[in-house]
Amino acid sequence: MTHHHRYKTILLFGAPGSGKGTQGKILGTIPGFFHSSTGDIFRSLDLQSPTGRTVWDYTSRGKLVPDELTISIWKQYLQGMELINGFHPETEIIVLDGLPRSVAQAQILEQTIDVLKVIHLVADQAKMVERLRRRALKENRVDDASDEVIAKRFEVYMKQTQPVLDYYADDKIVHIYASQSQIRVLSEIISLLVPLKESHDGHDDHDEPQGTPAAAAQLLPSSVTA
Ligand code: ADP
């Protein structure tokens, strides 16, 4: 893939339990966005396959799957989705959730993705741990089942993943307070994405003269407004 064909991408960034997955899934339902989560992809692998087994060895212990393997699996997934018409790179922006998780991954991805914004979901650790414990019960996630593995995941996040934030230019990073209501977090993310998406689609202000409720009302038949 050549540089000017890099996938337009928004990164969802944050510690385990910060709500990346929840927000990412919702964003992926918006036309023009495609959500992909490496955690979800890894959990969907066949445990009987050699790749599935290898990945499991890392995820079940709260460790990062090796960089090259992670990116190779993610790329295969994306190509598969493109092939079955589930991802349209020309028109869709990728909402990337859980990747890159190390500076090395960010460097390798440089030739594949064009990062438009980094959305950093910030929450306090106690709230995130509480959420992981709840999730362990609800979603049957082995990596959240023990306090040791949870602690390991935070340690890995601090050491290997947090430095990824320094890799990207400051003006690309937006910090969002993740302990607000989910709908407010969503609303803040969407406010950021609207102008990005419109400029990606080639809209500008002059294309949309009917932008206000008053202008919309003018389009109604007079019997409605009378
Ligand atoms: P969470 O959002 O709770 O941190 P994820 O579902 O994103 O969890 O990831 C689950 C596990 O999958 C991680 O703990 C890690 O073992 C593995 N994983 C996910 N993404 C990556 C990645 N980009 N590189 C290496 N390992 C990853």
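Computed from a prediction, not measured in an experiment: that's the story for all the values here.

1. Some details on the site of the ligand
Taken together, 19 residues sit near the ligand, with Thr38, Lys63, Gly98, Arg101 and Arg135 positioned nearest. The backbone of Val65 places a nitrogen or oxygen atom 3.0 Å from a nitrogen atom of the ligand. In the environment of the ligand, an oxygen atom lies 2.6 Å from a nitrogen or oxygen atom belonging to the side chain of Arg101. In the complex, 96% of the free accessible area of the ligand, which totals 550 Å², lies under the protein chains. Judged by its atoms lying within 2 Å of the grid points, the ligand is housed in the largest pocket. Broken down by element, the residue count for the shell around the ligand peaks at 4 residues, all from helix α2 (residues 38-44).

2. Here we look at the sheet that holds strand β3 (residues 93-97)
Ordered by their spatial adjacency, 5 strands build an open sheet running β2-β3-β1-β4-β5, and the pairing between neighbours is parallel. For this open sheet the edge positions go to β2 (33-37) and β5 (173-177), each flanked by a neighbour on one side alone. Along the sheet, successive strands turn relative to each other by an average axial angle of 25°, direction set aside. Bridging between strand β1 (residues 7-14) and strand β4 (residues 113-122) involves 8 bridges; their strand directions are parallel. Bridging from a neighbouring strand, Lys8 pairs with Asp114 of β4. Contacting β1, β2, β3, β4 and β5, helix α9 (residues 182-200) crosses the sheet at an angle of about 165° to β4.

3. A word on the packing of aromatic side chains
Within this structure, the stated rule accounts for 5 aromatic pairs. Taken together, the ring pairs connect Tyr7, Phe34, Tyr77 and Phe87 into an aromatic cluster. When the ring centre of Phe33 is taken as reference, the NZ or CZ atom of Lys197 above it lies at 5.8 Å.

4. Focus on helix α1 (residues 20-27)
Because the α-helix completes a turn every 3.6 residues, residues three or four places apart line up on one side. Of the residues making up α1, those classed as buried are Lys20, Gln23, Gly24 and Leu27. Angular distribution of buried residues about the axis of α1 spans 100°; they occupy a single face of the element. Looking at the buried positions of α1, the neighbouring elements they touch are β1, β2, β3, β4 and α9.

5. Thoughts on the environment of Gly62
By the element assignment, Gly62 lies in the loop between α3 (50-59) and α4 (67-83). If sequence neighbours within four positions are ignored, Gly62 has contacts with Val149, Lys152, Arg153 and Val156.

6. Regarding the pairing of β1
Taken residue by residue, a regular strand's side chains alternate between the two faces of the sheet. Summarising burial for β1: 7 of the 8 residues are buried, a large majority. Across 4 bridges, β1 lies against β3 in parallel orientation. Bridging across to β3, Ile10 finds its partner in Val95.

Thresholds, definitions, all that
Residues numbered from 1 in each chain as written. Predicted model: local features only at pLDDT ≥ 70, side-chain atom pairs only at ≥ 80, totals over all residues. Heavy atoms only, no water. Near = heavy atom within 4 Å. Polar contact = N/O pair within 3.5 Å; in protein donor to acceptor, adjacent residues only side chain to side chain. Areas by Shrake-Rupley, 256 points an atom, 1.4 Å probe, with all protein chains shown as cover. 1 Å grid on protein atoms, 1.4 Å probe; cavity = no way out; pocket = protein on both sides within 12 Å on 5 of 7 lines; lining within 4 Å. Sits in = over half its atoms within 2 Å of the grid points. Helix = DSSP H or I, 4+ residues; strand = E, 2+ residues; numbered from the N terminus. Pairing = 2+ DSSP bridges. Axes fitted to C-alpha atoms, helices over the stretch in contact; angles between N-to-C directions. Contact = heavy atoms within 4.5 Å. Phe/Tyr/Trp six-rings, centres within 6.5 Å; stacked < 30°, edge-to-face > 60°. Lys NZ or Arg CZ within 6 Å of the ring centre and 35° of its normal. Buried < 20%, exposed > 50% of the residue type's maximum accessible area, 1.4 Å probe, protein only. Arc of directions from axis to C-beta.

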